[in-house]
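# Observations on chain architecture
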Amino acid sequence: MSTPETSRFVRLRVELVLEVEDAGAVTGAALGRIADDAEMPAEERKHAESAVTEDTAEALAYLVDPFDLVRTVPGVELAQASWSSEQIEYDPDSPDWDLDEDDDGEDDEEEAVG
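Computed from a predicted model, the values in this text were never measured in an experiment. (Residues numbered from 1 in each chain as written. Predicted model: local features only at pLDDT ≥ 70, side-chain atom pairs only at ≥ 80, totals over all residues. Heavy atoms only, no water.)

## Details of helix α1 (residues 23-36)
If you check α1, its first and last C-alpha atoms are 20 Å apart, about what 14 residues at 1.5 Å a residue would give, namely 20 Å. Burial in α1 covers these residues: V26, T27, A30 and I34. The arc that holds the buried residues of α1, viewed along the axis, is 95 degrees, so those residues lie on one side. Every exposed residue of α1 that faces more than 90 degrees away from the buried side is listed here: G24, A35 and D36. Contacts from the buried residues of α1 go to α2 (42-54) and α3 (56-63). (Helix = DSSP H or I, 4+ residues; strand = E, 2+ residues; numbered from the N terminus. Expected span 1.5 Å × (residues − 1). Buried < 20%, exposed > 50% of the residue type's maximum accessible area, 1.4 Å probe, protein only. Arc of directions from axis to C-beta. Contact = heavy atoms within 4.5 Å.)

## Side note on the environment of F67
Within the element layout of this structure, F67 appears in helix α4 (residues 66-70). Through-space distance from the C-alpha of F67 to that of A81 is 7.8 Å; in sequence the pair is 14 residues apart.

## Thoughts on the nonpolar core
By size, the foremost hydrophobic cluster in this structure holds eight residues: V26, A30, I34, M40, A48, V52, A59 and L60. At the level of secondary structure, the elements contributing two or more residues to this core comprise α1, α2 and α3. At three residues, the largest contribution of residues to this core is made by α1. Aside from chain neighbours lying at most four places away, what touches A48 is I34, M40 and Y62. (Core = buried A, V, L, I, M, F, W, Y, C linked by side-chain atoms within 4.5 Å.)

Put into structure tokens, the structure is as follows:
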């Protein structure tokens, strides 16, 4: 399947739902990571410390790095990454959280064509 029209780039979408059992530990770890970043400018450091102290989701965003997910995968290099985190209402029994369900039905369309 290696044709000139095939892109070398792949978008990998991952969605995680995490249960925070100890917000203080998460915040503390994020503050530690910020403190260890010697290249972070003072103004940015102040903003980051405030953000992670006020919002556990922000603290998680400082601790989870997409590069870590693919660092050891042979033959790939991370070209671009973006991620965000937010506090959500979560009900594991709700059909809205069915992991087998397609997000946009894209897979169904590809299967129908292919």
